[in-house]
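Next come the chains, spelled out residue by residue.
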Amino acid sequence: MTYYSLNKQAPKTSFKDAVIKGLAPDKGLYFPESITPLSHSFFKNIDSLSNSEIAFETIKQFTSPDIPNDVLKNIIDDTLSFNFPIEKITDTVSSLELFHGPTMAFKDVGARFMARCLGYFNQGNNNEVTVLVATSGDTGGAVANGFLGVEGVNVVILYPSGKVSDIQEKQLTTLKKNIKALEVDGTFDDCQAMVKRAFLDQSITSKMQLTSANSINVARWLPQMFYFMFAYKQLHKKYNNLVFSVPSGNFGNICAGMMAQRLGFPIKHFIAANNANNIVTQYLHTQNYTPKPSIQTISNAMDVGDPSNFVRIQELHNNNFEILSKNLSGYSYSDTETISAINELYSDYNYIADPHGAVGFLACKDYLKQHPNNHCVFLETAHPTKFLDIVEDTIKENIELPKQILSVMDKEKQAVKISTYEQLKALLLN
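Residues numbered from 1 in each chain as written. Predicted model: local features only at pLDDT ≥ 70, side-chain atom pairs only at ≥ 80, totals over all residues. Heavy atoms only, no water.

Per an unreviewed UniProt entry, the protein goes by the name Threonine synthase and belongs to Mangrovimonas cancribranchiae. According to the UniProt record, the Pathway (unreviewed entry) comment for the protein is "Amino-acid biosynthesis; L-threonine biosynthesis; L-threonine from L-aspartate: step 5/5." The UniProt entry for the protein carries the following text under Cofactor (unreviewed entry): "pyridoxal 5'-phosphate". (UniProt positions renumbered as here; feature names shortened; annotations may be inferred.)

Remarks on the overall build of the protein
Across its full length, the protein holds 20 helices and 14 strands. By the compact-globule yardstick of 22 Å for 430 residues, the protein fits well, its C-alpha radius of gyration being 20 Å. In terms of overall dimensions, the protein has a C-alpha envelope of 55 × 50 × 45 Å along the principal axes. Counting the 430 residues in the protein, one finds 61% classified as buried. (Helix = DSSP H or I, 4+ residues; strand = E, 2+ residues; numbered from the N terminus. Rg over C-alpha atoms; globule rule 2.2 N^0.38 Å. Buried < 20%, exposed > 50% of the residue type's maximum accessible area, 1.4 Å probe, protein only.)

Remarks on the sheet that holds strand β2 (residues 13–14)
Taken in spatial order, the three strands line up as β2-β1-β3 in an open sheet, and their pairing is antiparallel. Edge positions in the sheet fall to β2 and β3 (30–32), since each of these pairs with one other strand and no more. (Pairing = 2+ DSSP bridges.)

What about the pairing of strand β8 (residues 179–184)?
Summarising burial for β8: five of the six residues are buried, a large majority. Sheet topology note: the strand β7 (residues 153–160)/β8 ladder contains six bridges and is parallel. The partner of Val 156 across the bridge, within β8, is Lys 180. Note on the crossover from β7 through helix α7 (residues 166–173) to β8: the handedness is right-handed. Examined bridge by bridge, β8 and strand β14 (residues 416–418) share three bridges and lie parallel to one another. From the neighbouring strand, Val 184 faces β14, where its bridge partner is Ile 418. (Right-handed = clockwise from strand over helix to strand, strands pointing away.)

Description of the sheet that holds strand β13 (residues 375–380)
Across the sheet, six strands lie side by side as β4-β5-β13-β10-β11-β12; this open sheet has mixed pairing. One side of each edge strand has no neighbouring strand; the edge strands of this open sheet are β4 (86–88) and β12 (328–332). The average angle at which neighbouring strand axes cross in this sheet is 25 degrees, direction not considered. Bridge count for β4 against strand β5 (residues 93–97) is three bridges, and the pairing is antiparallel. From the neighbouring strand, Lys 88 faces β5, where its bridge partner is Ser 94. Its contacts with the sheet place helix α12 (residues 252–262) against β10 (242–247), β11 (267–274), β12 and β13, and it is angled at close to 175 degrees to β11. (Axes fitted to C-alpha atoms, helices over the stretch in contact; angles between N-to-C directions. Contact = heavy atoms within 4.5 Å.)

Points about the pattern of salt bridges
Here the structure, examined in full by the defined rule, presents 13 salt bridges. For Asp 47, the salt bridge is made with Lys 237, and the minimal N-O distance between the two is 3.1 Å. Within this pair, whereas Asp 47 is found in the loop between α2 (40–44) and α3 (51–63), its partner Lys 237 is found in the loop between α11 (225–235) and β10, the two being separated by 190 residues in sequence. When salt bridges with common partners are traced through the structure, they connect Glu 169, Glu 183 and Lys 413 into a single cluster. (Salt bridge = Lys/Arg side-chain N within 4 Å of Asp/Glu carboxyl O.)

Written out as structure tokens, the structure is:
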């Protein structure tokens, strides 16, 4: 597989180089040159396949020939060491739970897959790679855990001070070893701007190899296709018209779902479930894409004012608004509405949701008002205990802490505070 830059001003490259570089030299995101649909026999026999077998058939065209099949199978087996259950909420709504991994967030899959790819590529290489990543919440913990102890790889995570939950902060600041956390005086957008600037700074890149573990990296983005396929396997015999409501921040998850759709999975429609950072929802109503400074909300992983992956979504739809708008709807909700949804899910359906899943649930309800003959699956992207204060205050109950959360609660935070790009640059070079 070869990859091209969406800015179309850079040479085409391999999967390996796309993973190592993260971003193309012309600042564009990498995109696969071809997408070959899966065979009819794959769908016919999907009930007999394991999750690992489904994932292998799904992604092998995108990693070939850089990762041999036997290595790829081992990477997938190691990545998918937990379950992806579906919970029925109503006759027309289900929850796809993506929080059963080591950091209890959907990003565990992409982070673990990418870490293992990069570890394979870096075998026998004396030059260290530095993974530089910005997080609005869950990415940091997933990346820290996924890359912990990977030989030849250092990880630097930027996160906005006071804008991630206490547990999210613990997960990215307590691991030590090859993980360094930088607490930025600013927003996620400030963190992301610093990271992008570093990638374009030749005084840094001439001295060290940088790569990104945000969903701009193809090895973080593409494995997210797996969720939608696992859901299809569980639901396709029960429901004909599957619609996915995806809590959306940087739009990597929903974009991966659209890649699964291109591979032949019969997903009828997608819903971008937004909080107050509703750039894409506004675009779908006005055809005017206007990035804005991010707004802090209780669903903080979605606090993104300029979603990086939206250009990939446009590319998947031939940069045609009419085609895209037929496949994607958008809704946005306030914190007050989100809290109300958490309460409704608990009181009416005995289901405890985190703020992101609650936004996805709200979007399901609104979409089904106009399209009742569908089954809507919302992605529950993080365990509710990662937002303990919000959820417990809402449902008026104490939640039992899972072992993944308990394991970091008493660890000491270690983070370096920075406020400027020059401080980041000095830390990287030193």
